[in-house]
Amino acid sequence: MIEANRSRKLINKDINRIRGMFGWAVAQELLPVEVHQALTRVKGLRRGRSEARETEPVVPVPEEAIRAVLPHLSPQVAAMVELQFLCGARPQEIILIRPCDVETGGDAWLYQPGRHKTQHFDRAKVIVLGPRAQQVLHPWLDRDPESYGFVPAEVAEWQRRRSRRRSPAESSKSPGSGRPGRLAAGAHYTRHSYRVAIQRACRRAGIPAWSPHRLRHTRATMIRQDFGLEAAKAVLGHTDSRITEIYAARDLAQATEVMRAIG
């Protein structure tokens, strides 16, 4: 893995995945338990103790960089970026949003993703959407409740309509023209296609490329500066298995108060 130039963090993630695969095989009685026990003794790589490549820490995206890419994105992807920036959700939670997952009653909307990072721990995830986030999302909820709000095929159709309005010379020179079919596959964006759309827009805007995951860090940093660490934890849904249901209820109330004010 080191020779393949994988980063230390990615190598450690893969080691954990391998342990999980062997643990599953033991649970299915396909392997003796001693095999998995032996694998638990294989430790991950430590910083500075191997030749594995280190990655740069994830840093927030400057607000000016976010504003710079919006004119170069389709309306759908621009809405995804704005929504993620306002509520601090993970990219996966934005691309999978559906009308049936959003409770629109009250001054604060509650989005409960059908799939999220901690669902295998049997934890509910609720993302609070404030007034600005509601304004961004509202136009994309007018569809079948079970369908996804942001659909690549609709972006492809938007690109075709836009290209027909241009002259042939302008269409041939426009970034990404002639490739709308790449976006048409699938009922929703993937994390990869969402990231690629943003990074293409960064190139068009002439700024360094950034990934959508950094939008979450941007919002976390802003909330922590203005409201404190506990508020950032509540809004982003960072939980611990030892936190009781009382604390979970407190966190939701605090997240709602913060997002009413800023999101």
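Residues numbered from 1 in each chain as written. Predicted model: local features only at pLDDT ≥ 70, side-chain atom pairs only at ≥ 80, totals over all residues. Heavy atoms only, no water.

1. A short note on the overall build of the protein
Convention followed: The helix and strand labels rest on DSSP assignments: H or I over at least four residues marks a helix, E over at least two residues marks a strand, and numbering proceeds from the N terminus. Any residue under 20% of the maximum accessible area for its type is buried, any over 50% is exposed, and the rest in between are partly exposed; the area is computed with a 1.4 Å probe on protein chains only. Only heavy atoms enter the contact rule, under which two residues are in contact if any of them lie within 4.5 Å. Note that accessible areas follow from Shrake-Rupley with a 1.4 Å probe, and for residues the cover is restricted to the protein chains shown.
In terms of helices and strands, the protein carries 12 helices and 3 strands. Expressed as a percentage of its 263 residues, the buried residues of the protein come to 37%. Long-range pairs, those at least 24 residues apart, make up 64% of the contacts in the protein between residues at least 6 apart in sequence. Taken as a whole, the protein presents about 15,700 Å² of accessible surface, with 53% of it coming from carbon and sulfur.

2. Digging into the packing of aromatic side chains
Basically, it comes down to this: Aromatic pairing here means that ring centres of Phe, Tyr or Trp (its six-membered ring) are within 6.5 Å. Orientation follows from the plane angle: under 30 degrees is stacked, over 60 is edge-to-face, and everything else is tilted. Either the NZ atom of lysine or the CZ atom of arginine qualifies as a charge over a ring when it sits within 6 Å of the ring centre and within 35 degrees of the ring normal.
All chains considered together, the criterion is met by 1 aromatic pair. Geometrically, the ring pair formed by Trp140 and Phe150 is tilted, given 5.8 Å between the ring centres and 50° between the ring planes. You can see Trp140 sitting in the loop between helix 6 (131-137) and helix 7 (152-165) and its partner Phe150 sitting in the loop between helix 6 and helix 7, a full 10 residues away along the chain. Of the two residues, Trp140 and Phe150, neither departs from the other in class, the shared state being buried. The positively charged end of Arg219 is found above the aromatic ring belonging to Phe85, 4.8 Å away from the centroid.

3. Here's the deal with the sheet that holds strand 3 (residues 127-129)
We apply this condition: By the convention used here, strands pair only if DSSP detects at least 2 bridges between them.
In space, the 3 strands of this open sheet follow the order 1-2-3, with antiparallel pairing throughout. The open sheet is flanked by strand 1 (102-103) and strand 3, the only strands paired with a single partner. Here strand 2 (residues 109-111) runs beside strand 3; their pairing, made up of 3 bridges, is antiparallel. Across the sheet, Leu110 pairs through a bridge with Val128, a residue of strand 3.

4. A closer look at a positive patch on the surface
Cut-off, in case you're wondering: Without a salt bridge and with relative accessible area above 30%, a residue can belong to a patch; like charges are then joined within 9 Å and nonpolar side chains (Val, Leu, Ile, Met, Phe, Trp, Tyr) within 5 Å. Here a salt bridge means any side-chain nitrogen of Lys or Arg lying within 4 Å of a carboxyl oxygen belonging to Asp or Glu. For this count, His and the chain ends are skipped, Lys and Arg are scored as positive, and Asp and Glu as negative. To locate a charge, the coordinates of NZ of Lys, CZ of Arg, CG of Asp or CD of Glu are taken.
Together, Arg41, Lys43, Arg46 and Arg49 line one region of the surface with positive charge. In this fold, Arg49 is placed in the loop between helix 2 (33-39) and helix 3 (63-69).

5. Details of the pattern of salt bridges
If you walk through the whole model with that rule in mind, you get 10 salt bridges. Among the ionic pairs, Arg8 bridges to Glu54, the shortest N-O distance being 2.6 Å. Residue Arg8 is found in helix 1 (residues 8-27), and its partner Glu54 is found in the loop between helix 2 and helix 3; the two are separated by 46 residues along the sequence. In this structure Arg8 comes out as buried when scored by relative accessible area, which is 10%. Across the salt bridge formed by Glu93 and Arg90, the nearest N and O atoms sit 3.4 Å from each other. On the accessibility criterion, Glu93 (1% relative accessible area) is buried. Linked by salt bridges that have partners in common, Arg6, Asp14 and Arg17 make up one network.

6. Some points on the confidence of the model for the protein
Here is the rule: A residue's pLDDT is simply how confident the predictor is in it, with values from 0 to 100.
Across the protein, the average pLDDT comes to 81, with 80% of residues at 70 or higher. No element of the protein has a lower mean pLDDT than helix 8 (residues 168-173), at 49, and none a higher one than helix 9 (residues 191-205), at 95. Confidence over residues 116-122 falls short of pLDDT 50; this stretch has 7 contacts with residues more than four positions distant or in other chains.

7. Notes on the nonpolar core
Rules: Throughout this description, the term nonpolar core refers to a set of buried Ala, Val, Leu, Ile, Met, Phe, Trp, Tyr and Cys residues connected via side-chain atoms within 4.5 Å.
Counting residues in hydrophobic clusters, the biggest one holds 48 residues, and the most contacted among them are Val77, Val81, Leu83, Leu129 and Trp210. If one sorts the elements of this core by residue count, helix 4 (residues 75-87) sits on top with 9 residues. Contacts of Leu83, omitting those with residues within four sequence positions, involve Ile94, Ile97, Leu129, Ala133, Val136, Leu137 and Phe150.

8. Let's talk about helix 10 (residues 213-227)
Keep this limit in mind: A helix is expected to reach a length of 1.5 Å times the quantity of its residues less one.
Here helix 10 spans 22 Å end to end across 15 residues, near enough to the 21 Å set by a 1.5 Å rise per residue. Within the sequence span of helix 10, burial applies to Arg214, Leu215, Arg216, Thr218, Arg219, Ala220 and Ile223. Directly after helix 10, the chain includes Gly228, whose backbone phi takes a positive value near 105°.

9. Quick notes on the environment of Trp158
Turning to its location among the elements, Trp158 is positioned in helix 7. Judged by its relative accessible area of 18%, Trp158 is buried. Those residues in contact with Trp158 that sit more than four places away from it in its chain are Leu73, Ser74 and Pro75.

10. Topic: unusual backbone geometry
The backbone of Asn5 sits at a positive phi, close to 65°, despite the residue not being glycine. Tracing the backbone shows Asn5 in the segment before helix 1. Take Asn5: its relative accessible area is 48%, and that puts it in the partly exposed class. Despite not being glycine, Glu29 has its phi angle at roughly 60°, a positive value. Along the chain, the position of Glu29 falls in the loop between helix 1 and helix 2. With relative accessibility at 74%, the residue Glu29 sits in the exposed group.

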